[in-house]
Amino acid sequence: LRMYGIDTPEKGRRAKCPLEAEKGQAAYEYTKALVNNAKNTKIAIIKWDKYGGRVLGHVIIDGKNLAKELVMKGYAREYYGNKKRKSWCG
């Protein structure tokens, strides 16, 4: 599942710079903690992505939309498939 409406930084070798890798790892750790401590998790499927290989949807953890939580905490940016405006590297 690809979360609908957000862009998160890449981690590891997919990151374009060390800063993006660091931000990607922080987003991963935050998400992992939320999922591991969740009492209730739901997935709402929206559609296939523009490449046809992944499903787009929402992850709801204990009644909260994970994408919105990630954006509020600075671990993600809103993104709806247009050209990305800003790099995670600077």
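A few points on the structure.

Cut-offs and rules
Residues numbered from 1 in each chain as written. Predicted model: local features only at pLDDT ≥ 70, side-chain atom pairs only at ≥ 80, totals over all residues. Heavy atoms only, no water. Helix = DSSP H or I, 4+ residues; strand = E, 2+ residues; numbered from the N terminus. Buried < 20%, exposed > 50% of the residue type's maximum accessible area, 1.4 Å probe, protein only. Contact = heavy atoms within 4.5 Å. Core = buried A, V, L, I, M, F, W, Y, C linked by side-chain atoms within 4.5 Å.

### Thoughts on the environment of Ile6
Inference 1: Along the chain, the position of Ile6 falls in strand 2 (residues 6–7).
Inference 2: For Ile6, a relative accessible area of 7% translates into the label buried.
Inference 3: Residues contacting Ile6, with those up to four places away along its chain left out, are Ala67, Leu70, Val71, Ala76, Arg77, Glu78 and Tyr79.

### Considerations on the nonpolar core
Inference 1: Core analysis: the largest hydrophobic core is formed by nine residues, namely Met3, Ile6, Tyr30, Val59, Ile61, Leu66, Ala67, Leu70 and Ala76.
Inference 2: Those elements that provide at least two residues to this core are strand 4 (55–61) and helix 2 (66–72).
Inference 3: The element that contributes the greatest number of residues to this core is helix 2, accounting for three residues.
Inference 4: Beyond its immediate sequence surroundings of up to four residues, Tyr30 is in contact with Glu69, Leu70, Lys73 and Tyr75.

### Here's the deal with the environment of Tyr4
Inference 1: Note that Tyr4 resides in the loop between strand 1 (2–3) and strand 2.
Inference 2: Note: C-alpha distance between Tyr4 and Lys16 (twelve residues apart in sequence) is 22 Å.
Inference 3: Filtering out sequence-adjacent residues up to four positions away, Tyr4 remains in contact with Ile46, Lys47, Leu56, Gly57, His58, Ala67 and Tyr80.

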